[in-house]
Amino acid sequence: MVSRVIPVESFDLVIFGGTGDLARRKILPGLFRRYRAGQMGAEARIIGAARSEMESAAYREFVRAAVDEFHPATAGDAAHIDGFLARIEYVTLDARGETGWSDLAALLRDDVVRAFYFSVGPALFGDLAERLHTHQIASPDCRIVVEKPFGRDMQTARALNRTLAQHFEETQIYRIDHYLGKETVQNLMAIRFGNMLFEPLWNSQYVDHIQITVAEQVGVGGRGDYYDRAGAMRDMLQNHMMQLLCLIAMEPPAKFAPDAVRDEKLKVIRALDPVAREDVVRGQYEGTGDKNSDRIEVGNRDSTTESFVAMRARISNWRWAATPFYLRTGKRLRDRASEIAVVFKDAPHSIFGAKSGHHRNILTIKLQPNEGIELGVTIKEPGPGGMRLVDVPLDMTFAEALGPEEADFPDAYERLIMDVIRGNQTLFMRGDEVEAAWGWVDPIIAEWSETGEPPLPYATGSSGPDDALMLMHRDGRRWREIRA
Ligand code: NAP
């Protein structure tokens, strides 16, 4: 297959927080990949901005090192790297003061798309927004990109939305959830709405239940301070997992356009029942006994922050009223694997008799580590000896199905940044969606803090607390094995 890379128009992309961890690990290497793929127009320019005093030449070396470290596969590609670096500038600037703003204004061009990536803590969003206006840098069609966490509850998310709305229209605000930029997540929509095969079965009549798992092997590592204030519910479930839930459960939008898709996602969140106490399990991985272990970094030894959540969610609408959604996410689990499994009901009657065993179709959308889609189907075991049934996967691992070149698709960040430049908000969260998602999880978090119950301990390398297994066992179901 021939790759179709459409160059995007010329643009000025300013990365506030251009020296930070996210810029170094994701944004800059991602932009380099898009440059290398021929997707950046000749007039594209990237401007890093932060308080650190640095000349543009030094910043280019910073960018070169970031690409080398976080994109080793392309490191040493001197011609491309030099071409990319030639588009990079740096401005020393303070979001909270006046330093650097006139330098930035002088650098920006009038006739190109302007995008401002707020890769700084949310406490600075208001300062940046205000100064972009007072220095007349914000053009009427400029875009801003904001990162997670978007608030820590509905109230703070609402306040943040209000702050941004004072300076920008909703159509200018791109709230990133990088899960939405994953190839498979978009493929989920293609599978659902591009095929006749699945949609007629996509409801309570045929789907027994749906499991969404985001399992990590790593602990909180160096992010202990941040994580201790967030926990699995705020860090993973309220945003990434709820977005997956929305895409799986939403009605077909009339068209693949930003508000059409986001309206349908919002309807799903609004149809979610409040979660009963017995439908949530909260866990924390046990320390290793080593005084340098992660556990200590989750605040301290007495931290009550959860590193694991499992829950049963119910959507009260015609399509899903009788189909439970089971969600679980955790750190320090046995494997690193993220997937959505749509588990279909048993056939109403087995013509092959009880001896043929219990068989079910499962559609698995794999997000990590290898993106792909697998459909489990039941067939006859080959060979003589009667009708023995066996389940086999129809595997559509993209790298195998499309060839390595086609499957070398952009990382989520690359795709999303290019969508910002193109002005396409489909894969970004709207303000009301984010608030509604907080509205659903806030009462759960509030109950945890009211009861003061600590999370249940679980061993590193396990599947989480036993109570999470019980959450499904009591419904006569079980979690799929977490496997990479
Ligand atoms: P970070 O490493 O602490 O970087 C913060 C950046 O902001 C630095 O470039 C810093 O540079 C700059 N900065 C701080 N105060 C400033 C000011 N007053 N004026 C101008 N620049 C200022 O943080 P990060 O990890 O990159 O995270 C950035 C944002 O992305 C946060 O909202 C975070 O929650 C979010 N995020 C990060 C990740 C990740 O993997 N890192 C993942 C998801 C979301 P100077 O000190 O030189 O000013």
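Everything below is about the structure shown above.
About the cut-offs
- Residues numbered from 1 in each chain as written.
- Predicted model: local features only at pLDDT ≥ 70, side-chain atom pairs only at ≥ 80, totals over all residues.
- Heavy atoms only, no water.
- Near = heavy atom within 4 Å.
- Polar contact = N/O pair within 3.5 Å; in protein donor to acceptor, adjacent residues only side chain to side chain.
- Areas by Shrake-Rupley, 256 points an atom, 1.4 Å probe, with all protein chains shown as cover.
- Helix = DSSP H or I, 4+ residues; strand = E, 2+ residues; numbered from the N terminus.
- Nonpolar A, V, L, I, M, F, W, Y, C, P; charged D, E, K, R; others polar.
- Salt bridge = Lys/Arg side-chain N within 4 Å of Asp/Glu carboxyl O.
- Buried < 20%, exposed > 50% of the residue type's maximum accessible area, 1.4 Å probe, protein only.
- Pairing = 2+ DSSP bridges.
- Axes fitted to C-alpha atoms, helices over the stretch in contact; angles between N-to-C directions.
- Contact = heavy atoms within 4.5 Å.

Caption draft 1: Examining the site of the ligand more closely. In the vicinity of the ligand there are 21 residues, among which Thr19, Asp21, Arg25, Arg51 and Ser52 approach most closely. The contact in question runs from an oxygen atom of the ligand to an N or O atom on the backbone of Gly20, over 3.0 Å. The contact in question runs from a nitrogen atom of the ligand to an N or O atom on the side chain of Asp21, over 2.8 Å. Out of a free accessible area of 880 Å², the ligand has 73% covered by protein chains. No other element matches the three residues that helix H1 (residues 21–36) contributes to the shell around the ligand. Its residues placed into classes, the shell around the ligand shows eight nonpolar, seven polar and six charged.

Caption draft 2: Expanded view of the pattern of salt bridges. Inspection of every chain in the model, using the stated rule, returns 44 salt bridges. Notably, a salt bridge pairs Lys331 with Glu216, separated by 2.8 Å at the nearest N-O pair. Of this pair, Lys331 sits in the loop between strand S10 (325–330) and strand S11 (337–344) while Glu216 sits in the loop between strand S7 (207–215) and helix H8 (224–249), placing them 115 residues apart in sequence. Comparing Lys331 with Glu216, the two get one shared label, buried. With a closest N to O distance of 2.6 Å, Arg277 and Glu453 form a salt bridge.

Caption draft 3: Up close: the sheet that holds strand S5 (residues 143–146). Within the open sheet, the six strands sit side by side as S3-S2-S1-S4-S5-S6. Their pairing is parallel. Edge strands, defined here as strands with exactly one partner in the open sheet, are strand S3 (88–92) and strand S6 (173–175). When the angles between neighbouring strand axes are averaged without regard to direction, this sheet yields 20°. Sheet strands in contact with helix H13 (residues 412–422) are strand S1 (11–16), strand S4 (113–118), S5 and S6, and its direction is about 135° off that of S4.

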